[in-house]
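# Commentary on secondary and tertiary structure
Here is how the chains run, residue by residue.
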Amino acid sequence: MAKKFAIGIDYGTLSGRAVLVDLSDGTEVTDHVTPYAHSVIDEFLPVSNRKLEHDWALEHPNDYLDVLKISVPAVMKESGVNPEDVIGLGIDFTANTMMPIDTNGEPLCFDPNYMDNPHSWVKLWKHHAAQSEADLINEIATKRDEAFLNRYGGKISSEWMIPKVWQILNEAPEIYDYTDQFIEATDWVVSKMTGKISRNSCSAGYKSIWNKKDGYPSKDFFKALDPRLEDLTDTKLRGEIVPLGTKAGELTADMASQLGLRAGIAIAVGNVDAHAAVPGVGVVTPGKLVMAMGTSICHMILGTEEREVEGMCGVVEDGIIPGYLGYEAGQSAVGDIFAWYIDQGVPAYTYKLAEIAGLNIHEYLELKASEYRPGETGLLALDWWNGNRSVLVDTNLTGMIVGYTLLTKPEEIYRTLLEATAFGTRKIVDAFHNNGIPVEELYACGGLPQKNKLLMQIYADVMNREIKIAASKQTPALGAAMFGAVAAGSVNGGYDSIVDAAEQMARVHEESYKPIKENVLVYEKLYQEYSKLHDYFGRGENDVMKNLKAIKETT
Ligand SMILES: Nc1ncnc2c1ncn2[C@@H]1O[C@H](COP(=O)(O)OP(=O)(O)O)[C@@H](O)[C@H]1O
Ligand SMILES: O=C(CO)[C@@H](O)[C@@H](O)COP(=O)(O)O
């Protein structure tokens, strides 16, 4: 029998990547990246140049369709694989990345009547302008002693569906009224391929407060938030919620001709990027924490019992691998902090030196920063450039570096920022490990582990644990392809479960990062200092960050 293939598409913050995967062993035959033409829309609306307010982050739905129309034909062409042998397709997406759609399933921002209103656009995961709604949700849920709060580490994040929907209702009731459904971008793109809407349990569980046993929070709760929201889950969030690996439908003839694939192939229900990476790295059992490291970091681990862990993003039954409770925590900015520094903070002379050395600026700073021993910079930072997602769950916290002198060098600052993100991850690892979710092994995937060896060594030293690195450079896309193969099923040359698919298709590198004893000792001391600063600025003893933000917003 001819080899069979599946396509996985990973929708990141700035681009979408399609990967064509050989289902016999997980070989990534070809891949192709399509950058989003409109990137992240955080200053002006593309159609009208209307200025956006602080903390907004939008995207353009057409950019997602372009990924299908450009990257899928590209991987097919480059590989020379016969479309007859591609049996399934799965996608994963940033989340909660959501949009309002009309009765035809079209985003409201495509409608000339609404496109000038920022609320008609896709709200990206890092849209943080619904913080006041999130604060109220938390206050009301706490007062009512809502059981669901425990499953979300005690707090609902402003990055999620319900605060974003409520913000739309508060600020643009006409958009809310006209919206037929609010939908995750991952489910919308799948609906464009199959012609019908399927909501996936992973996004619903982690981002829309949905639970396999209890469903959504009660109507009473929504009424207590705002009487206009009472029927939200039966109306604008309506529809069956189906588990990962389910076949959402079949590729329509129209889309098949645009994508260069066979009509009728299985399309898996949507997934979240970080969660797809877990089987992609071969993790299908508890004890192994997977870090999807890129713009942000998502930390995922499986468990057999429901535990409450401070600040976790959520625990969802079957949310990652069927049969287990999937736990998620995260840091809202990691690569984004390094990007900020090289864009805004690195002096011209350092760029010149990098050019002379024939290195890009990250490579040059990594090389120079590697010359320092842990602690030698005398600097320490709090990694809150985009707020704190775990364990404090507070987007109003901001970044900080302490210890500057007149001798501080750019590479020292770079190293300090790498270290700060490692300390942020340590907080999360400790929170799981000390609350009944043992973290025995660490696995890393995403763009960063392949890009920065110093970063990975620092993480191994700070965590005092070995870190295994995914062999795939496109782990979420590989995981998405696995789910595509599961949607197709073994009768069509795919797999009957994600565990079977992961066993055959996932790999890690033989080399790993192991902690270096003398580094571990120094980092332990630095971590104690980090923890003091973390609690002082993050737990209410000194609210200077929030006060500065409040002053800024009123001036
Ligand atoms: N050599 C490097 N060292 C550290 N960070 C890097 C390096 N090169 C790029 N980055 C950061 O990696 C991030 C992109 O990560 P990637 O995994 O490719 O994308 P995404 O998170 O969107 O899926 C950017 O924030 C960028 O600043
Ligand atoms: O929040 C989640 C997943 O729960 C991510 O989609 C979000 O952090 C964005 O991830 P990336 O850093 O773009 O890979």
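Fair warning: this is a prediction, and the values are worked out from it, not measured in the lab. (Residues numbered from 1 in each chain as written. Chains lettered and ligands numbered in written order. Predicted model: local features only at pLDDT ≥ 70, side-chain atom pairs only at ≥ 80, totals over all residues. Heavy atoms only, no water.)

Glancing now at the nonpolar core. Counting 67 residues, the largest nonpolar core has M291, M293, F338, F432, Y459 and I467 as the members making the most contacts within it. Here the element with the most residues in this core is helix α13 (residues 410-433); it accounts for 11 residues. The next biggest cluster of nonpolar side chains, apart from the first, holds 44 residues, and it includes C202, Y206, V290 and A481. (Core = buried A, V, L, I, M, F, W, Y, C linked by side-chain atoms within 4.5 Å. Buried < 20%, exposed > 50% of the residue type's maximum accessible area, 1.4 Å probe, protein only. Helix = DSSP H or I, 4+ residues; strand = E, 2+ residues; numbered from the N terminus.)

A few words now on the site of ligand 1. Lining the immediate surroundings of ligand 1 are 15 residues, of which R17, T295, G335, G447 and K451 lie closest. At 2.7 Å, a backbone N or O of T295 approaches an oxygen atom of ligand 1. Taking K451, its side chain carries an N or O atom lying 2.8 Å from an oxygen atom of ligand 1. Within the complex, 80% of the 590 Å² of free accessible area of ligand 1 lies under protein. Sorting the residues of the shell around ligand 1 by element identifies α10 (335-345) and α14 (448-451) as the ones contributing at least two each. Looking at the shell around ligand 1 element by element, the count peaks at four residues for α10. (Near = heavy atom within 4 Å. Polar contact = N/O pair within 3.5 Å; in protein donor to acceptor, adjacent residues only side chain to side chain. Areas by Shrake-Rupley, 256 points an atom, 1.4 Å probe, with all protein chains shown as cover.)

Strand order in this open sheet of seven strands is β16-β17-β15-β14-β20-β21-β22, and the pairing throughout is mixed. The open sheet has two edge strands, β16 (314-317) and β22 (508-513), and neither has a second partner. This sheet shows a mean twist of 25° between the axes of neighbouring strands, independent of strand direction. Of the strand pairs in this sheet, β16 and strand β17 (residues 325-331) are connected by four bridges, and their pairing is antiparallel. Across the sheet, V316 pairs through a bridge with G326, a residue of β17. Packed on one face of the sheet, α13 meets β14 (288-293), β15 (297-303), β17 and β20 (441-445) and runs near 155° to β17. (Pairing = 2+ DSSP bridges. Axes fitted to C-alpha atoms, helices over the stretch in contact; angles between N-to-C directions. Contact = heavy atoms within 4.5 Å.)

Before going further, it helps to spend a moment on the side chain of T97. Relative to the assigned elements, T97 resides in the loop between β5 (86-93) and β6 (98-101). Here W125 takes part through its backbone nitrogen, which lies 3.1 Å from a polar atom of the side chain of T97. Once residues lying within four places of it in the same chain are set aside, the contact partners of T97 are Y64, V122, K123, L124, W125, I183, E184 and A185.

Close to ligand 2 lie 13 residues, the nearest being T13, K207, D273, S296 and E328. T13 has a polar side-chain atom sitting 2.7 Å from an oxygen atom of ligand 2. Within the contact set of ligand 2, an oxygen atom lies 2.7 Å away from a side-chain nitrogen or oxygen of K207. Across the shell around ligand 2, the residue classes tally to four nonpolar, five polar and four charged. For the shell around ligand 2, the domains that each give at least three residues are domain 1 (5-275 + 475-508) and domain 2 (283-471 + 516-555). (Nonpolar A, V, L, I, M, F, W, Y, C, P; charged D, E, K, R; others polar. Domains from an automatic or database assignment.)

In this section: a nonpolar patch on the surface. The grouping of Y349, L353 and I356 at the surface amounts to a nonpolar patch, some 320 Å² of accessible area in total. Here L353 is to be found in helix α11 (residues 348-357). A relative accessible area of 36% places L353 in the partly exposed class. (Patch = residues over 30% accessible without salt bridge, like charges linked within 9 Å, V, L, I, M, F, W, Y side chains within 5 Å. Salt bridge = Lys/Arg side-chain N within 4 Å of Asp/Glu carboxyl O.)

Let's shift gears to the pairing of strand β2 (residues 15-22). Within β2, seven of the eight residues are buried, leaving the element largely enclosed by the surrounding structure. Here strand β1 (residues 5-11) pairs with β2 via seven bridges, running antiparallel. Looking at β2, one finds that Y11 is bridged to G16. Between β1 and β2, which pair antiparallel and follow one another directly, the connecting turn spans three residues. Where β2 and strand β3 (residues 28-35) come together, seven bridges link them in antiparallel fashion. From the neighbouring strand, A18 faces β3, where its bridge partner is H32. Hairpin connection between β2 and β3: a loop of five residues separates the two successive antiparallel strands, and G26 in this loop has a positive phi of roughly 80°.

Right, let's get into the packing of aromatic side chains. Applying the stated criterion across every chain, the model contains 18 aromatic pairs. With a centroid separation of 5.3 Å and 40° between ring planes, the pair formed by F423 and Y530 is classed as tilted. With F423 in helix α13 and Y530 in helix α18 (residues 517-538), this pair connects stretches of sequence that are 107 residues apart. Of the two residues examined, F423 and Y530, each falls in the buried class. Each ring, one from Y536 and one from F537, has its centre 4.9 Å from the other, and the planes form 75°; the classification is edge-to-face. (Phe/Tyr/Trp six-rings, centres within 6.5 Å; stacked < 30°, edge-to-face > 60°.)

A few words on the domain arrangement of the chain. If you check the domain split of the chain, you get domain 1 (5-275 + 475-508) and domain 2 (283-471 + 516-555). Taking the mean C-alpha position of each, domain 1 and domain 2 sit 26 Å from one another. Across the boundary between the two partners, domain 1 contributes 33 residues, which contact 43 residues of domain 2. Among the residues of domain 1 in contact with domain 2, R151, Y206 and V508 are the three that bury the most area, contributing 18% of the side total. As a salt-bridge pair, D336 and K126 come within 3.0 Å of each other at their nearest N and O atoms. Elements supplying a minimum of two residues to the side of domain 1 that touches domain 2: α6 (201-207), α9 (273-280), α16 (475-488) and α17 (498-505). Broken down by element, the residue count for the side of domain 1 that touches domain 2 peaks at five residues, all from α6. (Buried area = accessible area lost by both parts, 1.4 Å probe.)

This part is about the UniProt feature "domain: Carbohydrate kinase FGGY C-terminal" (unreviewed entry) in the chain. UniProt records the feature "domain: Carbohydrate kinase FGGY C-terminal" (unreviewed entry) for residues 290-488 in the present numbering. The straight-line gap between the two end C-alpha atoms of residues 290-488 is 26 Å; of that span, 42% is helix and 19% is strand. (UniProt positions renumbered as here; feature names shortened; annotations may be inferred.)

What is meant by a disulfide is a covalent connection between two cysteines, made through their sulfur atoms. Counted under the stated rule, the structure contains zero disulfides. In this structure C298 is a free cysteine whose sulfur lies 6.8 Å from that of C313, the closest cysteine sulfur available. On the basis of relative accessible area, C298 is assigned to the buried category, the value being 9%. With no disulfide of its own, C445 lies closest to C298 among cysteine sulfurs, the gap being 9.6 Å. A relative accessible area of 1% places C445 in the buried class. (Disulfide = S-S within 2.5 Å.)

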